[in-house]
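Given next are the chains, with one letter for each unit.
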Amino acid sequence: MLHRRSFLERLSLSAGAFFLTSIVNGVLSEARGATAARKRLLLVLSGNGWSNVGGDGGKQWVQGMFQCTGFVPPELRELTLKNRGIDTGAFFSSAANEFTLSPSMQALMPFKNQMLLVDGLTNRQWTAPGALASGHGQGFATLACVPNSGNASHDGHGTPGGITFDQYLAGTMGKDSLYRSVNLATVNDPNVKLASVACAAGAGRPVQSYCSPREAFTRLFTGLQTGTPDPRVDALFAAKKSVLDFVAADVQRLQSVLVGEERRKLDEHLTSIRSLEKRLGQKVDISAACQPGTAPMADSPALEDRQQAHMDIATTALLCGITQVAVVLNAVGPDIAWGARYTRTAGQPVTTHTIAHNEVADSVGIVHRINNFHAGLVAKAASRMAAVREGDRSVLDNSAVVWMNESGADHHCTYSRYPLVVLGNAGGALKTDGRYLRYPMHLTMDNPTREVIPAGVRSLPDFFCTLGHALGAPIDDFGKAGRAPVKGPLGSEILV
């Protein structure tokens, strides 16, 4: 329950400024005629690494780390580049159309010339000397780019050590959206509704993600469509409207004591409130592209079904305009990635951990199929976004879709290599033109307290800084409290 005193304590009126909720500010921006296309981020995080232990079942760690066969195009792998006389210790950029996609990415073929493959970014945050480095994922540290706090006996456990990049964007780019971010995660138990997996609003502040597609759909899209009246929906909208009536009454009270510029701004806010009330009362689609469909009858026990539903929900939320930041976590986080079962894709009820250790027949092929299943989800989302126009661009053109892996490169990695796929050009800010970029590698099995990071290495925090600039939320030092080197945005090889 929101008490009057608590609510009023959130309001302030000084120096000509009046603070209301973020949704009112969003409506106010529209009322002022803001016509710029909204930029969006769809961040997809998979688990267990792009490739098996040792890479394609090999037994040599360095060989496997170099190859990363689930991500790197066959023509551009480490040994192939060396045979071409290319210095693999320096930055390398392929030409567009110089390569074919790995078996793990075949579903992305329709977008091959509209995406960017970025390789070699370090993000080694695990720091406990002598403790267990499983190489199964860093949990919150993956997207926060700072070490987790507490329970340092295992690299993926503990509480978040800082804000994750999705939540940085939620508080900047997405602050005026109906939902600052939409976070969805698949866990092994289909009965779990919410879980704190890999996202955080700050140190010690994990963000819960929807695990149940039905729960997420109901909470996000109820009332957005016209149709048969539902008493529960009517009650929900009545409650929202009563809060707005309460706010409007306070605004009207203040009108009698204000003059000049402060009175004008107050009038503007009151108009925005009434506009929002009208939208709530109409219960109509808030975007022509907003077609949520119907809620799932029940949550499927199959991991693949829930991940498909989550991607559909995330894409719809972006197209409906109820958020600008959507995160889909595909079986990631401590303990979850260990036991994930893609039974339909693998053809047998074994865990991804068992598969990644080459303990079943055709383990290499199974990993490629799981990756390509996720590639298909990304491709479907990109296709839906590309089909919707915003001015002279598509929603995909105005967005960034990023797909990466919590473990970095291979299963049992050292977190010193985080390959990622980028689609969309963030309104013309990113050069997603079909190239493969390879930064100098930070490859070491040394104790993390003794290692030396070679010159020229760039980091995942640097990429997040780049993405922040491209999406209109510039930052030059994201992850500065972490262990990876932070040099700021990557250069003209990515940014326009």
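Residues numbered from 1 in each chain as written. Predicted model: local features only at pLDDT ≥ 70, side-chain atom pairs only at ≥ 80, totals over all residues. Heavy atoms only, no water.

1. Details of the overall build of the protein
Part 1 of the reasoning: Secondary structure summary: the protein contains 15 helices and 14 strands in total.
Part 2 of the reasoning: Each of the 496 residues in the protein was classed as buried or not, and the buried ones make up 55%.
Part 3 of the reasoning: Taking contacts inside the protein between residues at least 6 apart in sequence as the whole, the part at least 24 apart equals 73%.
Part 4 of the reasoning: About 19800 Å² of surface is accessible on the protein, with carbon and sulfur atoms providing 54% of the total. (Helix = DSSP H or I, 4+ residues; strand = E, 2+ residues; numbered from the N terminus. Buried < 20%, exposed > 50% of the residue type's maximum accessible area, 1.4 Å probe, protein only. Contact = heavy atoms within 4.5 Å. Areas by Shrake-Rupley, 256 points an atom, 1.4 Å probe, with all protein chains shown as cover.)

2. A look at the packing of aromatic side chains
Part 1 of the reasoning: Tallied over the full model, the rule gives 11 aromatic pairs.
Part 2 of the reasoning: On the basis of an interplanar angle of 50 degrees and a centroid distance of 6.4 Å, the ring pair of Y168 and F478 is categorised as tilted. Taken together, the positions of Y168 in helix 6 (residues 165–171) and F478 in the segment after helix 15 (460–470) put the pair 310 residues apart, joining distant regions of the chain. Here Y168 and F478 have matching classes, each one buried.
Part 3 of the reasoning: For the ring pair F217 and F221, a centre distance of 5.1 Å and an interplane angle of 70 degrees mean the geometry is edge-to-face. Taken together, the residues span about one helical turn, with F217 and F221 both in helix 7 (residues 213–221) at a distance of four residues. The burial state of F217 is the same as that of F221; both residues are buried.
Part 4 of the reasoning: Here the aromatic residues F165, Y168, F463, F464 and F478 are joined through ring pairs into a cluster of three or more.
Part 5 of the reasoning: Looking at K112, its charged tip hangs above the ring of F99, at a distance of 4.7 Å from the centre. (Phe/Tyr/Trp six-rings, centres within 6.5 Å; stacked < 30°, edge-to-face > 60°. Lys NZ or Arg CZ within 6 Å of the ring centre and 35° of its normal.)

3. Here we look at the confidence of the model for the protein
Part 1 of the reasoning: For the protein, the average pLDDT comes to 80, and 73% of its residues sit at 70 or higher.
Part 2 of the reasoning: Low pLDDT, under 50, characterises residues 56–65; the predicted model gives this stretch 21 contacts beyond four residues in sequence or across chains.
Part 3 of the reasoning: Across residues 226–230 the pLDDT falls below 50, and counting only partners more than four positions away or on other chains, this stretch makes four contacts in the model. (pLDDT = per-residue confidence, 0-100.)

4. As for the pairing of strand 12 (residues 399–405)
Part 1 of the reasoning: A large share of strand 12 lies buried, amounting to seven of its seven residues.
Part 2 of the reasoning: Both faces of strand 12 are covered, namely the face carrying S399, V401, W403 and N405 and the face carrying A400, V402 and M404.
Part 3 of the reasoning: The pairing of strand 3 (residues 40–46) with strand 12 spans seven bridges and is parallel. Its bridge partner being in strand 12, V44 is matched across the sheet by W403. (Pairing = 2+ DSSP bridges.)

5. Here we look at the pairing of strand 14 (residues 435–438)
Part 1 of the reasoning: Residues R435 and L437 point to one face of strand 14 and Y436 and R438 to the other, with burial holding for every one of them.
Part 2 of the reasoning: Taken together, the two bridges between strand 4 (residues 92–93) and strand 14 define a ladder with antiparallel strand orientation. Bridging across to strand 14, S93 finds its partner in L437.
Part 3 of the reasoning: As defined by bridge partners, strand 5 (residues 115–119) adjoins strand 14 across four bridges and the pair is classed as parallel. Within the sheet, the bridge partner assigned to V118 lies in strand 14 and is L437.

6. Some words on the pattern of salt bridges
Oppositely charged side chains may form a pair once their charged atoms are brought near each other.
Part 1 of the reasoning: Summed over all chains, the structure comprises 14 salt bridges.
Part 2 of the reasoning: Across the salt bridge formed by K175 and D176, the nearest N and O atoms sit 3.4 Å from each other.
Part 3 of the reasoning: D176 gets classed as partly exposed once you look at its relative accessible area, which sits at 23%.
Part 4 of the reasoning: Ionic pairing is found between D305 and R344, a salt bridge with its closest N-O pair at 2.8 Å. Of this pair, D305 sits in helix 10 (residues 303–320) while R344 sits in helix 12 (residues 343–346), and the two are 39 residues apart along the sequence.
Part 5 of the reasoning: On the accessibility criterion, D305 (31% relative accessible area) is partly exposed.
Part 6 of the reasoning: If you follow the salt bridges from partner to partner, you end up with E78, K82 and R438 in one network. (Salt bridge = Lys/Arg side-chain N within 4 Å of Asp/Glu carboxyl O.)

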